[in-house]
Structure formats: C-alpha cells, structure tokens
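As a plain string of letters, each chain reads:
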Amino acid sequence: MAFPFLEDNLKSTRRMEALAQGLSDEDLLRLTPDGWTVAALFAHMAFWDRRVLVLTRRWKEKGFDESPIDADAVNDALKPLFLALDPHTAVQLALSAAKATDAELVTLTSEMLERIQAGSTHFRPNRALHRGGHMAQIEA
C-alpha cells in the first residue's frame, strides 16, 4: 500500500464491522453523554466518510479545489436527522461508506494527496482517526 493510513483505514473498517455485529438493538439506542445515540454515531461516521469519498472522486475528475466546511455546524444540523434514522440503517450506511471510501482512497496518487494536504480543506484521508474516536465512544 502506498500510504500508511490505507492499512489503518482497512483495520478501522474491520473493527467497525466487528463492533456493529456485537451490538444489540438496545445498544444502538443507548445515549452517549453528548446526546447522540450509538446508531447516530454510526450515521455521523457514514456522513464524514461519504464526504471524503465524494471529494476524492470530484478532485480526481475535475482537479483539486477548496471545499471549506464548518464541521461543528454540519454536525449540529445533521444530529436530529441521524437520531431519526433507523438504527440498523445507520450502521449499514456507516459500513458501506467506510468500505467505499477505503477503496477510493487507495486510488490517490502522491501528487494528489500532497495537493489536498497543502490546501485548507477539512479532509482527513486517515479515516481511522475519526472512526476510532467514535468507536471508542461506542465501546465505552
């Protein structure tokens, strides 16, 4: 693998799959201290992975451009939608987004990655960092 984060991403996807398999319906509806359910955290991870997927595909097709985002505002706006999702749908969205994003990031060239990282766009190709933090919340 060209970039070290690619293996981390695959490991985090496998960890997410294992975690999801061990959760009951009751677990998925459990509230975190900040008012999210476990299922809503899966939906949150799905959204942020999907954003990386969409941006990566767009940049490969059209070239890099800035795509600024206010992450806190987006999270606050999406929270009620994530809480309303069917818990099992949220989990499936997270797993499919993680797998698709992992597969797309493998196609990045060194040049493209350097250009992305030099920009100011909130873009983390190491998806394991984001996923891992939320999986730790879920496991707790």
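Report follows, based on the coordinates. (Residues numbered from 1 in each chain as written. Predicted model: local features only at pLDDT ≥ 70, side-chain atom pairs only at ≥ 80, totals over all residues. Heavy atoms only, no water.)

## Details of the side chain of S67
Following the sequence through the fold, S67 ends up in the loop between α3 (38-62) and α4 (71-84). Classification of S67 by relative accessible area gives buried; the value is 15%. The contact partners of S67, leaving out residues within four places of it in the chain, are R51, L55, R58, W59 and T121. (Helix = DSSP H or I, 4+ residues; strand = E, 2+ residues; numbered from the N terminus. Buried < 20%, exposed > 50% of the residue type's maximum accessible area, 1.4 Å probe, protein only. Contact = heavy atoms within 4.5 Å.)

## Considerations on helix α5 (residues 87-105)
Across its 19 residues, α5 extends 27 Å between first and last C-alpha, which sits within 8% of the 27 Å expected from 1.5 Å per residue. Looking at α5, one finds that the buried residues are P87, A90, V91, A94, L95, A97, A98, T101, D102, E104 and L105. Its buried side turned inward, α5 meets α1 (4-21), α2 (25-28), α3 and α7 (127-139). (Expected span 1.5 Å × (residues − 1).)

## Side note on the layout of surface pockets
In this structure, the largest pocket encloses a volume near 150 Å³. Mapped onto the lining of the largest pocket, the elements with two or more residues apiece are α3, α4 and α7. A per-element tally of the lining of the largest pocket places α3 first, with 4 residues. For the lining of the largest pocket, the residue count by class is 4 nonpolar, 5 polar and 3 charged. (1 Å grid on protein atoms, 1.4 Å probe; cavity = no way out; pocket = protein on both sides within 12 Å on 5 of 7 lines; lining within 4 Å. Points joined across faces, edges and corners; volume = space filled by probe spheres on them. Nonpolar A, V, L, I, M, F, W, Y, C, P; charged D, E, K, R; others polar.)

## Overview of the packing of α1 against α5
Contact geometry of α1 with α5 gives a least axis separation of 10 Å together with a crossing angle of 165°. In terms of orientation, α1 and α5 fall into the roughly antiparallel class. Crossing geometry of α1 relative to α5 is assigned as left-handed. Residues F5, L6, N9, L10, T13, M16, E17 and A20 of α1 touch α5, and the partners they reach there are V91, A94, L95, A98, K99, D102 and L105. (Axes fitted to C-alpha atoms, helices over the stretch in contact; angles between N-to-C directions. Parallel < 35°, antiparallel > 145°, perpendicular 65-115°, else oblique. Left-handed = near helix turned anticlockwise from the far one by under 90°.)

## As for the nonpolar core
Formed by 26 residues in total, the largest nonpolar core has its most connected members in M16, L23, L28, F42 and I138. If you list the elements that add at least two residues to this core, you get α1, α3, α4, α5 and α7. No other element matches the 9 residues that α3 contributes to this core. When near neighbours in sequence (up to four residues on either side) are disregarded, I138 contacts L19, L23, V38, L41, F42 and M45. Counting residues in hydrophobic clusters, the runner-up holds 13 residues, among them V52, L55, M112 and F123. (Core = buried A, V, L, I, M, F, W, Y, C linked by side-chain atoms within 4.5 Å.)

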